[in-house]
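# Observations on the model geometry
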Amino acid sequence: MKIKYILICAITVLLSCKTNKKEAKTEENPKEQVIEVTENNPVIRHVRTADPSAHIWKDGKVWMYTSGDAEDAVNYNTMDGYRAFSSTDMVNWTDHGQILHSKDIPWGVPGWMWAPTAIYKNNKYYLLYPHSVKGNKDDMRCGVAVSDVPEGPFKYVGWIKGVEGQWLDPCVFEDDDGKTYLYWGVREPKMALLKDNLLELAETPRSIAYGAKNFFEASYMHKYNGKYYYSYNAGLGGFYAMGDSPYGPFEYKGAINPKQRQDHHSIVEYKGQHYFFYHWQGWNGGSKFRRNTCIEYLYYNEDGTIQEIYATKEGVQKIK
Ligand code: FUB
């Protein structure tokens, strides 16, 4: 009995150290607590996935579009296509298979299918993705592909004119008024309003004022309680800034997940809870070039700032 009690207390301490659930309730009597320790990260284990772009579409499911690392990868050059996954409980994910491959892009090289982003617009699903041009891998465009259904396959329709040659990591964001913006860039973050056809910029690109100088890549935009959150990978984890308009200026707020070297995240609210999607190399036999998609809970403070997030094996629990 004594040993059982010590074990329960130890597990409770362990969980409180490693969890992101800062609002988790503590039971009055730990002796009667039944604790299920489940390790839900990585959420995808049968293939390598990176750069998760999470969305809640009109079917009420959560969808995730990922890039893919090869099992024998020694760099990111061999990333050859995107996959779609869906879930209704955040733990069980249906793999809808590969939805777009580099061989489907007329101007593209094999491989070099880097971090995608997605949007539902014009009654269609669009996948926007950075991809290198034949003969010059440093020349990246933002490709556009379309599908009538969220699971794809997506069909190539062109690229966004006006940002050719820029190393991208695009993030597409639709505001409540229906205007659509594109954020992108490496070392220098850029943004612009997009035309509704999603194939042209509606204005000259602007540099993003985010109140710091640590931007590296992986721009991301989301809105919460009327505030605009511009976040990105600083090379040493995810950082963010808040503003009152999709254009900024944004006030720098610091780290979201400071312990993670290579962050590429997305954020959604699903069934009343906020979630942080990211990739992590640490588990499931992963490495820098064999990454795995993981999910953590995300909590806002009362002033709208985001509580720091740490990669946990526990991850998030199944929505019942
Ligand atoms: O996945 C390839 C590249 O690595 C992405 O474009 C970057 O954001 C980083 O995740």
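Bear in mind the structure is a predicted one, so any value in this text is a computation, not a measurement.

If you tally the helices and strands in the protein, you get one helix and 20 strands. Sorting the 320 residues of the protein into buried and exposed places 53% on the buried side. Put simply, the protein shows about 14900 Å² of open surface, and 51% of that area lies on carbon and sulfur atoms.

Attention shifts here to the sheet that holds strand β20 (residues 292–298). Pairing in this open sheet of three strands is antiparallel, and the strands run β18-β19-β20 from one edge to the other. Only two strands of the sheet have a single partner each, and these edge strands are β18 (266–270) and β20. Sheet twist, expressed as the average angle between the axes of neighbouring strands with direction ignored, equals 30°. Examined bridge by bridge, β18 and strand β19 (residues 273–280) share five bridges and lie antiparallel to one another. Across the sheet, residue Tyr270 finds its bridge partner in β19, namely Gln273.

Locating Asn257 in the fold gives a position in strand β17 (residues 250–257). In contact with Asn257, not counting residues within four places along its chain, are Gly237, Gly238, Asp263, Phe276 and Ile309. At 2.6 Å, the side chain of Asn257 and the backbone nitrogen of Gly238 are in polar contact. Looking at Asn257, its side chain comes within polar contact range of the side chain of Asp263, at 2.9 Å.

Each strand in a sheet pairs with another by means of backbone hydrogen bonds, the pair being arranged parallel or else antiparallel. With antiparallel pairing, the four strands of this open sheet are ordered in space as β14-β15-β16-β17. Sheet topology places β14 (217–224) and β17 at the edges, where each strand pairs with a single neighbour. Mean inter-strand twist for the sheet, computed between neighbouring axes without regard to direction, equals 25°. One ladder, built from six bridges, connects β14 with strand β15 (residues 227–233); its direction is antiparallel. Bridging across to β15, Met221 finds its partner in Tyr230.

Our next topic: the site of the ligand. Around the ligand, the surrounding shell consists of Asp51, Met79, Trp114, Ala115, Asp169, Glu217, Gln262, His264, His279 and Arg291. Taking Asp51, its side chain carries an N or O atom lying 2.6 Å from an oxygen atom of the ligand. Within the side chain of His264, a nitrogen or oxygen atom sits 2.7 Å from an oxygen atom of the ligand. Bound to the protein, the ligand loses 98% of the 270 Å² it would expose on its own. Across the shell around the ligand, the residue classes tally to three nonpolar, three polar and four charged.

On to the side chain of Thr49. For Thr49, the location among the structural elements is in strand β1 (residues 49–56). For Thr49, the side chain forms a polar contact with the side chain of Thr293, separated by 2.8 Å. Contacts of Thr49, omitting those with residues within four sequence positions, involve Ile44, Thr66, Ser67, Phe85, His279, Arg291, Asn292 and Thr293.

What the rule picks out here adds up to 14 salt bridges. Here Asp69 ties to Arg291 by a salt bridge, and the two come within 2.7 Å at their closest N and O atoms. With Asp69 in the loop between β2 (62–68) and β3 (81–87) and Arg291 in the loop between β19 and β20, this residue pair connects regions lying 222 residues apart in the sequence. Taking the relative accessible area as the measure of exposure, Asp69 reaches 8% and is therefore buried. For Asp196, the salt bridge is made with Lys121, and the minimal N-O distance between the two is 3.7 Å. In this pair, Asp196 is assigned in the loop between β12 (190–194) and β13 (206–207) and Lys121 in strand β6 (residues 117–121), connecting sequence segments 75 residues apart.

Moving on: the environment of Tyr224. As for its position among the elements, Tyr224 is in strand β14. Tyr224 sits in the partly exposed class, given a relative accessible area of 21%. On a C-alpha basis, the gap between Tyr224 and Tyr300 in space is 9.3 Å, while along the polypeptide they are 76 residues apart. Ignoring sequence-local partners within four residues, the contact set of Tyr224 consists of Tyr229, His274 and Tyr300.

Tyr183, Tyr210, Tyr230 and Phe250 are the most contacted members of the largest nonpolar core, which has 32 residues in total. Sequence-distant contacts of Tyr210, defined by excluding residues within four places in its chain, comprise Pro189, Phe215, Tyr230, Tyr232, Ala241, Phe250, Glu251 and Tyr252. If you look at the next biggest cluster of nonpolar residues, it comprises 19 residues, including Tyr65, Ile99, Val133 and Ala145.

Rules and cut-offs
Residues numbered from 1 in each chain as written. Predicted model: local features only at pLDDT ≥ 70, side-chain atom pairs only at ≥ 80, totals over all residues. Heavy atoms only, no water. Helix = DSSP H or I, 4+ residues; strand = E, 2+ residues; numbered from the N terminus. Buried < 20%, exposed > 50% of the residue type's maximum accessible area, 1.4 Å probe, protein only. Areas by Shrake-Rupley, 256 points an atom, 1.4 Å probe, with all protein chains shown as cover. Pairing = 2+ DSSP bridges. Axes fitted to C-alpha atoms, helices over the stretch in contact; angles between N-to-C directions. Contact = heavy atoms within 4.5 Å. Polar contact = N/O pair within 3.5 Å; in protein donor to acceptor, adjacent residues only side chain to side chain. Near = heavy atom within 4 Å. Nonpolar A, V, L, I, M, F, W, Y, C, P; charged D, E, K, R; others polar. Salt bridge = Lys/Arg side-chain N within 4 Å of Asp/Glu carboxyl O. Core = buried A, V, L, I, M, F, W, Y, C linked by side-chain atoms within 4.5 Å.

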